[in-house]
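# Architecture and fold: a report
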Amino acid sequence: LSASPVTDFLASAFSYHGEKILVSSGDPGFPLTRIFDTDARTWEPVAQGMSSVAWSPNDLRIAYLAARGPQIALATLDTSSTSTKPREVLKMRGEGFALTWIRPDRLIFGEKPTAFAPCSLWSFDLTKKTFTPLLESQLGLMVLWNTAGDRGVLFTAHPSRRGGKL
């Protein structure tokens, strides 16, 4: 698709309609985020320092985390226009979060899955700015959500760290 190489690839994700690809690369502590337009075959720089970037399920907004001193900020950005500015939603303390945007008003915060430490998931309401615990203290916790954002397939690691449950 692209003649430009992507060095030090970290992550990628398709937009809701599949016409754009979000790509994070470079230093894992301060990644570069770009968007590849599959129709125009062009790259659009977004920003550096975004982590846990997730597409909206119904438009071209992205949600991401960014370091703000001793805190992290959750922000959204409408990538359909180059003139829009990020909208900071909240600041908090923490690290090692992964974001999933499951519905227009709902994000899932989760600790990055590992079989070596218990992980939890929280639902975050973008309108009310409130957290609701979903699952707590599960080894290797990973969920793949359906397009409606109301059901998911759950995987947890076995306590022996060999295999797990789906």
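Look above for the structure.
Let me begin by describing the structure that accompanies this report. These numbers were taken from a predicted model, which means no experiment stands behind them. (Residues numbered from 1 in each chain as written. Predicted model: local features only at pLDDT ≥ 70, side-chain atom pairs only at ≥ 80, totals over all residues. Heavy atoms only, no water.)

### Focus on the pattern of salt bridges
Tallied over the entire structure, the rule returns eight salt bridges. Its salt-bridge partner being glutamate 44, residue lysine 20 comes within 3.2 Å of it at the nearest N-O pair. In this pair, lysine 20 is assigned in strand S2 (residues 20-25) and glutamate 44 in strand S4 (residues 42-48), connecting sequence segments 24 residues apart. With its nearest N and O atoms 4.0 Å apart, the salt bridge here joins lysine 91 to glutamate 88. Residue lysine 91 is classed as partly exposed on the basis of its relative accessible area, which comes to 43%. (Salt bridge = Lys/Arg side-chain N within 4 Å of Asp/Glu carboxyl O. Helix = DSSP H or I, 4+ residues; strand = E, 2+ residues; numbered from the N terminus. Buried < 20%, exposed > 50% of the residue type's maximum accessible area, 1.4 Å probe, protein only.)

### Notes on unusual backbone geometry
With a phi angle near 55°, aspartate 8 is a residue other than glycine that sits in the positive phi range. Along the chain, aspartate 8 turns up in the segment before strand S1 (9-14). In this structure, serine 52 is a non-glycine residue whose phi angle is positive, near 50°. With respect to the helices, strands and loops of the structure, serine 52 is situated in strand S5 (residues 50-55). Its relative accessible area of 16% is what places serine 52 among the buried residues.

### Some words on the sheet that holds strand S6 (residues 61-68)
The strand order across the open sheet formed by four strands is S5-S6-S7-S8, and the pairing between neighbours is antiparallel. Either end of the sheet is taken by a strand with one partner, and the two such strands are S5 and strand S8 (87-92). Strand-to-strand twist in this sheet, taken as the mean axis angle between neighbours without regard to direction, amounts to 20°. The sheet contact formed by S5 and S6 spans four bridges and is antiparallel. The partner of serine 51 across the bridge, within S6, is leucine 65. (Pairing = 2+ DSSP bridges. Axes fitted to C-alpha atoms, helices over the stretch in contact; angles between N-to-C directions.)

Function-wise, these values are silent; they only describe arrangement.
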